[in-house]
Amino acid sequence: MTAAHPALDEDYDPHAFEPFALTADLAVFTVREGRLHVLLVERGRPPYAGTWALPGGFVLPHESAEQAARRELAEETGLSGATAARLHLEQLRTYSDPGRDPRMRVVSVAYTALVPDLPEPRGGGDAAQARWLPYDTVHALAFDHDRILADARERIGAKLEYTCLATAFCPPEFTLGELRQVYETVWGVALDRPNFRRKVLATPGFVRAVEAPPRRTGGRGKPAALYRAGQATALHPPLLRPEGRTA
């Protein structure tokens, strides 16, 4: 007979509690062709077979939620395990509303990431296919994934306010107009050009000027100066979205 764990009450009965499952879901974003895209999978099995959903799945007994998130991302999208392992995932929040999954009580730990240069995905596991889809075309996702996606969009918008991540979506040498377009794409707002320029150049370590001929951007104005990403990783002061105009 196995000895009882010393930390357990002798009257504790695990069968007195309703069982539930734990899942991990991921909202992964990138910027492609000047538009915000999100990585989605088409469910190949019920419930919601044939419906787009966020990548994710059940946490196995030997896994943490984050380990499950990376495994499911690799299995369902065809990304290599190495690619999934090196992504910087941020825990978004826990979703535990009763009835969010028709199969049983399921609690989900959601993660989000905004990353450049990910390869084209392909379906795998129980996903019929995987695609990068423009964020503004996505609706009616499976489960409560619309809510998770909206929360994740707000989180990545905030991330651009406090970090230098936007430069990762620009060419190695970029104009401030190209940098501004990244912010406008993720935030979903038009920014005042002189004000944006002033804030960027006043932020220590955000960008550094390139000693090269200016680039003509196709407009009628004078060619634009070129910049590279600076040494900073965090913005002090933060570059805040226009008040009252959140994405």
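Residues numbered from 1 in each chain as written. Predicted model: local features only at pLDDT ≥ 70, side-chain atom pairs only at ≥ 80, totals over all residues. Heavy atoms only, no water.

Participant: Provide a residue-level description of the overall build of the protein, including the pertinent values.
Facilitator: Across its full length, the protein carries 5 helices and 9 strands. In sequence order, the secondary structure elements of the protein are arranged as β-β-β-β-α-α-β-β-β-α-α-α-β-β. Looking at the protein residue by residue over its 247 residues, the buried ones come to 43%. Taking the contacts inside the protein whose residues are at least 6 apart along the sequence as the reference set, 68% of them involve residues at least 24 apart. Here the protein has roughly 13800 Å² of accessible surface; of this, 52% comes from carbon and sulfur atoms. (Helix = DSSP H or I, 4+ residues; strand = E, 2+ residues; numbered from the N terminus. Buried < 20%, exposed > 50% of the residue type's maximum accessible area, 1.4 Å probe, protein only. Contact = heavy atoms within 4.5 Å. Areas by Shrake-Rupley, 256 points an atom, 1.4 Å probe, with all protein chains shown as cover.)

Participant: Hey, could you go over the environment of Arg228 for me, with residue numbers and the actual values?
Facilitator: Position of Arg228 among the secondary structure elements: in strand E9 (residues 227-229). In this structure Arg228 comes out as partly exposed when scored by relative accessible area, which is 29%. The contacts of Arg228, once residues within four sequence positions are left out, are Pro172, Glu173, Phe174, Phe206, Val207, Arg208 and Val210. Of note is the side chain of Arg228, whose polar atom sits 3.2 Å from the side chain of Glu173. (Polar contact = N/O pair within 3.5 Å; in protein donor to acceptor, adjacent residues only side chain to side chain.)

Participant: Talk me through the packing of helix H3 (residues 145-162) against helix H4 (residues 176-187); I want residue IDs and the actual numbers.
Facilitator: Put simply, H3 and H4 touch, their axes get as near as 9 Å, and they point 155 degrees apart. Taken as axis vectors, H3 and H4 run roughly antiparallel relative to one another. Crossing hand, H3 versus H4: left-handed. Only Val182, Tyr183, Thr185, Val186 and Trp187 of H4 make contact with H3, whose side of the interface consists of Arg153, Ile156, Gly157, Leu160 and Glu161. Residue classes in the contact of H3 with H4 are distributed as 6 nonpolar, 2 polar and 2 charged. (Axes fitted to C-alpha atoms, helices over the stretch in contact; angles between N-to-C directions. Parallel < 35°, antiparallel > 145°, perpendicular 65-115°, else oblique. Left-handed = near helix turned anticlockwise from the far one by under 90°. Nonpolar A, V, L, I, M, F, W, Y, C, P; charged D, E, K, R; others polar.)

Participant: Lay out the pattern of salt bridges with the relevant residues and their values.
Facilitator: Counted by the stated rule, this structure contains 16 salt bridges. In this structure, Glu66 and Arg70 form a salt bridge, with 2.9 Å as the shortest nitrogen-oxygen distance. Taken together, the residues Glu66 and Arg70, both in helix H1 (residues 65-77) and 4 residues apart, mark about one turn of the helix. The closest approach of N and O atoms between Glu173 and Arg228, which form a salt bridge, is 3.2 Å. Here Glu173 is found in the loop between H3 and H4, whereas its partner Arg228 is found in strand E9, with 55 residues between them in sequence. Owing to a relative accessible area of 25%, Glu173 belongs among the partly exposed residues under this scheme. (Salt bridge = Lys/Arg side-chain N within 4 Å of Asp/Glu carboxyl O.)

Participant: Quick rundown of the nonpolar core? Include the residues and the values.
Facilitator: In terms of nonpolar packing, the biggest core is built from 39 residues, with Phe29, Leu114, Leu179, Tyr183 and Phe206 touching the most fellow members. For this core, the secondary-structure elements that each account for two or more residues are strand E1 (21-32), strand E2 (35-43), strand E5 (90-95), strand E6 (106-114), H3, H4 and helix H5 (193-202). It is H4 that contributes the most residues to this core, 6 residues altogether. If we ignore the near neighbours within four places in the chain, the residues touching Leu179 are Ala166, Thr167, Cys170, Phe174, Phe196, Val200, Phe206 and Val207. (Core = buried A, V, L, I, M, F, W, Y, C linked by side-chain atoms within 4.5 Å.)

Participant: Got a sec to walk through the packing of aromatic side chains? Specific residues and values, please.
Facilitator: Counting across every chain of the model gives 4 aromatic pairs. Consider the rings of Tyr48 and Phe143, whose centres lie 4.8 Å apart with planes at 65 degrees: the pair is edge-to-face. Of the two residues, Tyr48 sits in the loop between E2 and strand E3 (52-53) while Phe143 sits in the loop between strand E7 (127-134) and H3, which places them 95 residues apart along the sequence. Given a relative accessible area of 37%, Tyr48 falls into the partly exposed group. The class for Phe143 is buried, based on a relative accessible area of 16%. (Phe/Tyr/Trp six-rings, centres within 6.5 Å; stacked < 30°, edge-to-face > 60°.)

Participant: Can you tell me about the pairing of E6, naming the residues and giving the values?
Facilitator: The buried fraction of E6 amounts to 9 of the 9 residues, a majority that puts the element mostly inside the structure. Burial of the side chains of E6 extends over both faces: Val106, Ser108, Ala110, Thr112 and Leu114 are buried on one face and Val107, Val109, Tyr111 and Ala113 on the other. Across 9 bridges, E1 lies against E6 in parallel orientation. Across the sheet, residue Val28 finds its bridge partner in E6, namely Ala113. In this structure, E5 lies alongside E6, joined through 5 bridges in antiparallel fashion. In the strand pairing of E6, Thr94 is matched with Val109. (Pairing = 2+ DSSP bridges.)

Participant: Got a sec to walk through the environment of Arg32? Specific residues and values, please.
Facilitator: Its place among the elements puts Arg32 in strand E1. The partly exposed category is assigned to Arg32, whose relative accessible area is 22%. Filtering out sequence-adjacent residues up to four positions away, Arg32 remains in contact with His37, Leu118, Pro119, Glu120 and Trp132. Within the local environment of Arg32, its side chain forms a polar contact with the backbone oxygen of Leu118, the two atoms lying 3.2 Å apart. At 2.4 Å, the side chain of Arg32 forms a polar contact with the side chain of Glu120.

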